[in-house]
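Spelled out from the first residue to the last, the chains are:
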Amino acid sequence: MRTQVAIIGAGPAGLLLSHLLAQGGVSSVVLETRSEEYVAARIRAGILEHSSVELLESAGLGDRIRKEGDHHRGIYLQWPGERHHLDFVNLVGRSVWVYGQTEVQKDLVAARTAETYYDISDTSLHDVSDKPFVTFTDKSGKSQRLDCDVIAGCDGSFGPSRHAVPAAKVFEKTYPYSWFGILADVAPSTDELIYAWHPNGFALHSMRSATVSRLYLQVPNGTDPESWSDDRIWEELATRLGHGQNGWKLTPGPITDKSVLPMRSYVQTPMRHGNLYLAGDAAHIVPPTGAKGLNLAIADVALLSKALIALINEKNPALADRYSDDAQRRVWRCTHFSWWMTTMLHTSGDPFDAELQLSQLRWVANSEAGATGLAENYAGLPIGY
Ligand code: APR
Ligand code: PHB
């Protein structure tokens, strides 16, 4: 087989890249280890930045976001006794949409034109600095070879692509806590997301729709989700989110999913080696506190698609040569923002840290300068920043 771009991974990065390339007249084939059903059902983040929505709209993928997504003007930031609304629209003229990654994935699958191989195994990248090709075993057990001009590694943090960049520099940070996430069949108890600092640990009230809530609790690493009963989860969420304060109530409901997510910051550079380009989680991981993972993957692909269209259609390598440096500016901005939100909101048990966090939260919530900094980063800088 032959194609112009072999895309490894059918997550949001891989499928969106394939879509944008097709619109620019560049062919691609997508290779994915998991089944189509598994990829479609995977529960992930739910916040789209302003510039992500603009990009999806300009690619013809915005209809359902406008109809079924939930536009949020900002977020609530709180600590015991105080809840503040940060209005991003007033602060920076941009804001966010609540629209699950599973929905983005559905839209991408519906719009897909490229051939996609699901359920493959033994993915292997070859000759990336000259005449690249990918070998794999397809669903029926047959060995396949896909020749191409370029390989796009969109295979997340566990895929093989990032290992095919020799002498890559890796920056990594782990955190001494995880997120315990639940999905519940209950209407959200809030109109916009609540990020809560509490001496017991961070909590977040998010949502997926008018009838489905998504909530998180900071827990120690290694926590077994089954060791928490549903009652205990709701009690702890009520405590940390301030049930009863100023008449606010958290309404519990049936929990349909429980999972524990470790937190990590990871950046690999460069994001290109020869004819191999990395995008999304294959090159960087952020902790979820700033809701940046999906948005960063979209921003990478916006740059990469333009670079590959110019390279392949016009033989112009200028954008491709700059891709890694261009992408990394935003990657580090989001890496810093996600680290900053994480370390401001998660308790470490150290009373000195706690006082610094509360001081910072008061400043962010009460000073226009502080609030604007958070809003500008959360609502997202323009693509190409
Ligand atoms: N061969 C083919 N595909 C692979 C291989 C492999 N050897 N290894 C992994 N994959 C696939 C995974 O199964 C997955 O479907 O690559 C895909 C990578 O997708 P994601 O993990 O979703 O990563 P990405 O597309 O970069 O999306 C960015 O948004 O919500 C955030 O962090 C979250 O993952 C998310 C991110
Ligand atoms: C989510 O809805 O899953 C979500 C929202 C905001 C975050 C992280 C996750 O910061």
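Right above here is the structure, for reference.
Reading the values: the criteria
Residues numbered from 1 in each chain as written. Chains lettered and ligands numbered in written order. Predicted model: local features only at pLDDT ≥ 70, side-chain atom pairs only at ≥ 80, totals over all residues. Heavy atoms only, no water. Helix = DSSP H or I, 4+ residues; strand = E, 2+ residues; numbered from the N terminus. Rg over C-alpha atoms; globule rule 2.2 N^0.38 Å. Buried < 20%, exposed > 50% of the residue type's maximum accessible area, 1.4 Å probe, protein only. Contact = heavy atoms within 4.5 Å. Areas by Shrake-Rupley, 256 points an atom, 1.4 Å probe, with all protein chains shown as cover. Lys, Arg positive; Asp, Glu negative; His and termini not counted. Charge placed at Lys NZ, Arg CZ, Asp CG, Glu CD. Near = heavy atom within 4 Å. Polar contact = N/O pair within 3.5 Å; in protein donor to acceptor, adjacent residues only side chain to side chain. Pairing = 2+ DSSP bridges. Core = buried A, V, L, I, M, F, W, Y, C linked by side-chain atoms within 4.5 Å.

Undergrad: Explain the overall build of the chain here, please?
TA: Helix and strand content of the chain: eleven helices and 20 strands. Relative to the compact-globule value of 21 Å for 385 residues, the chain shows a C-alpha radius of gyration of 21 Å, a close match. Taken along its principal axes, the extent of the C-alpha atoms in the chain is 65 × 45 × 40 Å. Counting across all 385 residues of the chain, residues that qualify as buried make up 57%. Taking as baseline every contact in the chain between residues at least 6 positions apart, the subset at least 24 positions apart corresponds to 72%. Of the roughly 15900 Å² of accessible surface on the chain, 51% is carried by carbon and sulfur atoms. Averaged over its 35 positive side-chain charges, the chain has a centre that lies 3 Å from the centre of its 44 negative ones.

Undergrad: Explain the site of ligand 1 here, please?
TA: What surrounds ligand 1 is a group of 24 residues, the closest being Glu 32, Arg 44, Gln 101, Thr 123 and Asp 281. In the environment of ligand 1, an oxygen atom lies 2.5 Å from a nitrogen or oxygen atom belonging to the side chain of Arg 44. A distance of 3.3 Å separates an oxygen atom of ligand 1 from a polar backbone atom of Leu 294. Compared with its free state, where it exposes 700 Å², ligand 1 has 88% of that area covered by protein. Of all elements in the fold, only α1 (12-23) and α8 (293-314) reach the threshold of two or more residues within the shell around ligand 1. Looking at the shell around ligand 1 element by element, the count peaks at three residues for α8.

Undergrad: Please explain the pairing of strand β9 (residues 121-126) as it appears in this structure.
TA: Within a regular strand, the side chains alternate between the two sheet faces. Bridge count between β9 and strand β10 (residues 133-137): four bridges; the pairing is antiparallel. If you follow His 126 over to β10, its bridge partner there is Phe 133. As consecutive antiparallel partners, β9 and β10 are separated by six residues, and within that stretch Asp 127 has a phi angle of approximately 50°, a positive value.

Undergrad: Would you take a moment to explain the nonpolar core for this structure?
TA: Within soluble globular proteins, side chains that are nonpolar tend to cluster in buried spots. Counting 67 residues, the largest nonpolar core has Val 5, Leu 16 and Leu 48 as its most contacted members. If one sorts the elements of this core by residue count, α8 sits on top with twelve residues. Ile 47, Val 96, Phe 202 and Ala 379 belong to the second-largest nonpolar core, a separate cluster that totals 35 residues.

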